[in-house]
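Okay, here's what each chain looks like letter by letter:
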Amino acid sequence: MGLIQFPVKSMLGEERERLVLDERGVAGDRLWALRHEDGKLGSGKNSRRFRRTPGMLEYTAVYEGDEGGGDPVVTTPDGETLRPGDPRFGELFGAGVELAREDEVSHQDAGAVSLVGTASLRALGELLGDSDPVDVRRLRKNIVVGADEPWVEEDWVGREIAFDGGLRLRVVERIERCVMTTQAQRGLPADNRILKTLTASRGMCIGVYADVVTPGTLALGAEVTVR
C-alpha cells in the first residue's frame, strides 16, 4: 500500500505513513492552489477553471504537521522554501499569482479520493513495453492498494471499500486521465506514451474515484475489504 497527499494542486506531494480522511476527502489534499489574477487555478492543463502553468511539477509541497495540517511549505527546484503570502509566487509563476486556500470553489478535479491497484500499475508498464510498473507519481493517486488482478478496482464501482479502523469509501467512477500524466516532473522525464497508451487501450482511464462514507484514519498496511 502507498499513501500520498498533495497539499497544493498540480505540485508534487508527499508519501505518508497515514492519511486522515473526512467528508471532503484526504484531509488537506489539494486544499491549496496557485491562483491567477483572473481566478483560474494553476494546473497542467487549460480548462474553464484551470490555467496551464508550466513548471509546477518541479515544486514539492508538504505539510509540517504530523497529521498533514497547518500551512503548506513549498520547495522550489533550487531548494528554497516558500509559504502562503510569499510574493515570490508572483515572481516565479506570473504577476498576481498567489498561493490560495480553497474557498467556495473546489480545487479538486472530479472526485474526493483517488485509488489505484498495484497490478494496474504493472499492467500499464507492460502495455508501455517496460519491465517495471509505471511510476505512480505520474498518476497522482492518493491510495495505492495491493492487487493481484489488473484493473480490478474498476470492478469496485458502486461498491464500498472498508479499511482497518472503520474508514469506508464508496467507489464512484473510473478516472479519465489527461496530459498531466505525460509531463516531466522532478525525477521523471516527459513521456507522451502514457496518455496515448491509456487512450488506445483503456478509454483514457486508470484508477478510480471514491467518496468517503465513514471518515477515519488510514495507515500503511491496513487490511482492505471490498463489499
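Everything here concerns the structure above.
What this report covers is the structure whose coordinates are included nearby. No experiment lies behind these values; they were computed from the predicted model shown.

**Focus on the pattern of salt bridges**
Reasoning step 1: Taken as a whole, this structure holds 16 salt bridges when the rule is applied.
Reasoning step 2: Between R30 and D29 there is a salt bridge; the shortest N-O distance is 2.6 Å. The residues R30 and D29 share a single accessibility class, namely buried.
Reasoning step 3: Linking E64 and R83 is a salt bridge whose minimum nitrogen-to-oxygen distance equals 3.0 Å. In this pair, E64 is assigned in the loop between β8 (60–63) and β9 (72–75) and R83 in the loop between β10 (81–82) and α1 (88–93), connecting sequence segments 19 residues apart.
Reasoning step 4: Looking at R83, the relative accessible area reads 38%, which means it is partly exposed.
Reasoning step 5: It is possible to trace a salt-bridge network through shared partners that takes in R35, E98 and D103.

**Regarding unusual backbone geometry**
Reasoning step 1: Phi at S10 takes a positive value of approximately 70 degrees, unusual for a residue other than glycine.
Reasoning step 2: Of note, S10 is situated in the loop between β1 (2–5) and β2 (14–15).
Reasoning step 3: Notably, M204 is not glycine yet its phi reads approximately 70 degrees, a positive angle.
Reasoning step 4: Mapping M204 onto the fold places it in the loop between α3 (193–202) and β16 (205–214).

**What to know about the sheet that holds β8**
Reasoning step 1: Reading across the sheet, the three strands line up as β8-β9-β10 and stay open at both edges, with antiparallel pairing between neighbours. The open sheet is flanked by β8 and β10, the only strands paired with a single partner.
Reasoning step 2: Pairing analysis gives four bridges linking β8 to β9, with the strands arranged antiparallel. Bridging across to β9, A61 finds its partner in V74.

**Thoughts on a nonpolar patch on the surface**
Reasoning step 1: A cluster of nonpolar side chains, namely M1, L220 and V224, defines an oily patch on the protein surface of about 210 Å² accessible area.
Reasoning step 2: As for its position among the elements, V224 is in strand β18 (residues 224–226).

Quick notes on the rules
- Along each chain, residues carry numbers from 1 onward, in the same order as the chain's sequence is written.
- Reporting of local features is limited, given that this is a predicted model, to residues whose pLDDT is at least 70; pairs of side-chain atoms are given and counted only at 80 or more, and all residues count toward the totals for whole chains, interfaces and linings.
- Side-chain numbers here rest on the full set of heavy atoms in the structure, without hydrogens or water.
- In the sections that follow, a salt bridge refers to a side-chain nitrogen of Lys or Arg positioned within 4 Å of a carboxyl oxygen of Asp or Glu.
- Partly exposed describes any residue whose relative accessible area lies between the buried limit of under 20% and the exposed limit of over 50%, with all areas from a 1.4 Å probe on protein chains only and scaled to the type maximum.
- Only DSSP runs of H or I with at least four residues qualify as helices, and only runs of E with at least two residues qualify as strands; both kinds are numbered from the N terminus onward.
- Any two strands with at least two DSSP-identified bridges between them are counted as paired.
- Residues qualify for a patch when their relative accessible area is over 30% and they have no salt bridge, like charges being joined within 9 Å and the nonpolar side chains of Val, Leu, Ile, Met, Phe, Trp and Tyr within 5 Å.
- Where accessible areas are quoted, they stem from the Shrake-Rupley method and a 1.4 Å probe; at the residue level, only the protein chains shown are allowed to cover.

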